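Understanding the architecture of this molecule
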Amino acid sequence: MKIHAADVVVTSPGRNFVTLRITTEDGLTGLGDATLNGRELAVASYLGDHIVPLLTGRDADAIEDTWQYLYRGGYWRRGPVTMAAIAAVDVALWDIKAQRAGMPLYQLLGGACRTGALAYGHASGRDIPELLDSVRAHLEAGYRAIRVQSGVPGLDSVYGVAASANGAGERYDYEPARRTARPTEEQWDTAAYLRHIPTVFEAVRAEFGPGLPLLHDGHHRMTPLQAARLGKSLEPYDLFWLEDVTPAEDQAALRLVRQHTTTPLAIGEVFNSVHDYTTLLGERLIDYVRSSVTHAGGVTGMRRVLDLAAVYGVRSGMHGPTDISPVGMAAALHLDLAVHNFGIQEYMRHSPHTLEVFRTSYRFTDGLLHPGEEPGLGVTLDDEAAARFPYAPAYLPVNRLADGTVHDW
Ligand code: EZ4
Ligand code: CO
């Protein structure tokens, strides 16, 4: 069946989302997420100006061929803008194929390997008492695994820490991309962070015991030596993983970290291709791959990452912040169910406004996510609701050290 049309929907129900919709000649529509936080319009243009004109008249069933046509045919390979655009096409075509088959997508990917995908939520606090309340609220909301991020004495705002107490755990209100004309700036001090974080995990373990899976995100801010020290200092608290300790593009940096700590390591949310993982996987430097369907070339690109990871006994931990749209989240959940080497799925709930625009069939029960049984992805886009929330520029923050030097954020 041929592709009849494709269009790009940019909407901002509290935060910006870019969605590609493909329609076939027999009237099926598929959705793909192309949201790149803080650089949304670049992907919208890549799709609208350079890809949509190529899609009309192509065979909607030829998913792998279309992936290769856009990847190899574009000549300029990889990169977050290109791969988010290819991802959106890929996911929309999988959505269509699964609808045509009358099956939820996970069935076409091989069927379910498990009853649901273990999800982790984000607890945070400006100080330790606030953090402990946030962990408690997340447990009450049903989470069985929890990421822990904490304020650091002397720093005003720190990555991953909500500006106000974390409510009833119903929603995590930390949104790093602010709707301002220029990025906000934050201050960073790695030494203060390294002194403080072990005391945070000591307090959380003392309060909640040894069994609760705990995660932490270092957000690319450490040198290999600093990261090795952090990993060692957290070993007594038995983390599920320590994420993004060093800047991700330097794969070899994790050699030194790995030699010095048994804390499990996760990396890859800023990666967009299996080629970003060859050293990390080939040398067994990590335990979890963090890419998303949205940023790593769709179900097709992400499956390549997961299959290579499986060769080395490495498991999935797909990126699932609110800047992955409900379309991207649904695609992740179908893969989570279908691949053998699933590890965990990040899950920050979307806002009520976002869920007015995107109606989803996925559900969260007893700490597990399930994509639902609707044919395809199980997500629909409400055009009227989308039009009520027009695009607004938003940027992720920029980090500076005390002397003004720009640092990794
Ligand atoms: O900062 O998705 O693990 N999750 C993260 C996220 C990222 C944002 C950037 O757009 O690191 O919160
Ligand atoms: Co992260």
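The numbering scheme is per chain: residues are counted from 1 as the chain's sequence reads. Chains carry letters and ligands carry numbers; both start at the beginning, A for chains and 1 for ligands, and go up in the order they are written. Only residues with pLDDT of at least 70 get local features here, since the model is predicted, and only at 80 or more are side-chain atom pairs given and counted; chain-wide, interface and lining totals rely on the full set of residues. Here the side-chain values reflect all heavy atoms present in the structure, with hydrogen atoms and water set aside.

Moving on, we come to the site of ligand 1. Near residues are defined by distance, with any heavy atom within 4 Å of the molecule or strand qualifying the residue. Near ligand 1 lie 14 residues; those nearest to it are N37, Y159, H219, E269 and D323. Contacts described as polar in this section are N or O atom pairs within 3.5 Å, which, within protein, must combine one atom able to donate a hydrogen with one able to accept it, while residues neighboring in sequence count only if both atoms come from side chains. Y159 is positioned with one of its side-chain polar atoms (N or O) 2.7 Å from an oxygen atom of ligand 1. Side-chain polar atom of E269 to an oxygen atom of ligand 1: 2.7 Å apart, as the coordinates give it. Only the protein chains shown count as covering a residue, and every accessible area follows the Shrake-Rupley method with a 1.4 Å probe. A total of 320 Å² of accessible area belongs to ligand 1 in isolation, and the protein chains cover 93% of it. In the shell around ligand 1, the residues fall into 4 nonpolar, 3 polar and 7 charged. For this classification, the nonpolar set comprises Ala, Val, Leu, Ile, Met, Phe, Trp, Tyr, Cys and Pro, the charged set comprises Asp, Glu, Lys and Arg, and every other residue, Gly included, is treated as polar.

Right, let's talk about the domain arrangement of the protein chain for a bit. Domain annotation of the protein chain identifies domain 1 (3-104) and domain 2 (117-375). These domain limits were set by an automatic method or by a database of domain assignments. Distance from the C-alpha centre of domain 1 to the C-alpha centre of domain 2: 26 Å. Contacts between residues were defined by any pair of non-hydrogen atoms, one from each residue, lying within 4.5 Å. Counting residues at the interface gives 33 residues for domain 1, matched by 34 residues for domain 2. Of the roughly 2500 Å² buried between domain 1 and domain 2, counting both surfaces, carbon and sulfur atoms make up 58%. We define a salt bridge as a contact between a side-chain nitrogen of Lys or Arg and a carboxyl oxygen of Asp or Glu at a distance within 4 Å. Summed over the shared surface of domain 1 and domain 2, the result is 3 salt bridges. Between R78 and D276 there is a salt bridge, and its shortest N-O distance comes to 3.0 Å. At the junction of domain 1 with domain 2, the criterion picks out 14 residue pairs in polar contact (both at pLDDT 80 or more). Only DSSP runs of H or I with at least four residues qualify as helices, and only runs of E with at least two residues qualify as strands; both kinds are numbered from the N terminus onward. Elements represented by at least two residues in the side of domain 1 that touches domain 2 include exactly β2 (17-24), β3 (29-33), α2 (63-71) and α3 (80-101). A breakdown of the residues in the side of domain 1 that touches domain 2 according to their chemical character gives 17 nonpolar, 11 polar and 5 charged. Here's the idea: put two parts together, see how much 1.4 Å probe accessible area each one loses, and the total over both is what we call buried area.

Turning to unusual backbone geometry, a few remarks are in order. Most peptide bonds are trans, and most residues other than glycine sit at a negative phi. Positive phi outside glycine occurs at D238, with the angle close to 50°. On the secondary structure map, D238 appears in the loop between α7 (224-234) and β8 (241-243). The phi dihedral of R284 falls on the positive side, at around 55°, and the residue is not glycine. As for its position among the elements, R284 is in the loop between α9 (278-282) and β10 (288-289). Each residue is placed in one exposure class: buried if its accessible area under a 1.4 Å probe, protein chains only, is under 20% of its type's maximum, exposed if it is over 50%, and partly exposed if it falls in between. On the basis of relative accessibility, which here comes to 49%, the residue R284 falls in the partly exposed class.

Locating R290 in the fold gives a position in the loop between β10 and α10 (298-311). Overall, the relative accessible area of 0% leaves R290 in the buried class. Within polar-contact distance, the side chain of R290 engages the side chain of E346 at 3.0 Å. The contacts of R290, once residues within four sequence positions are left out, are Y120, W241, E243, A266, I267, G268, E269, Y277, G317, M318, H319 and E346.

Here we come to the coordination of the cobalt ion (ligand 2). Here a donor is any nitrogen, oxygen or sulfur atom (N, O, S) within 2.8 Å of the metal, with 3.2 Å used for Na, K and Ca; water is not among the atoms considered, so some sites may look incomplete. The coordination sphere of the cobalt ion (ligand 2), as far as protein atoms go, consists of D217 (OD), E243 (OE) and E269 (OE), spread over 1.9 to 2.1 Å. Square planar and octahedral assignments, for four and six donors respectively, both demand that opposite donors be over 155 degrees apart and that all other angles lie between 65 and 115; tetrahedral needs four donors with all angles between 85 and 135 degrees, and anything else is irregular. The site at the cobalt ion (ligand 2) holds 6 donor atoms, and with the angles between them running 25 to 176°, its shape is irregular. Motif for the cobalt ion (ligand 2), donor spacing along one chain: D-x25-E-x25-E. In this pair, E243 sits in strand β8 while E269 sits in the loop between β9 (265-267) and α9, placing the two residues 26 residues apart along the sequence. Neither residue differs from the other here; E243 and E269 are each classed as buried.

For helix α11 (residues 326-338), built from 13 residues, the straight-helix expectation of 18 Å at 1.5 Å per residue is met to within 8% by its first-to-last C-alpha distance of 19 Å. Most of α11 is tucked away, with 13 of its 13 residues classed as buried. Of the residues flanking the start of α11, the one acting as N-cap is S325, its side-chain oxygen 3.0 Å from the backbone nitrogen of V327. The span you would expect from a helix comes to 1.5 Å times its residue count less one.

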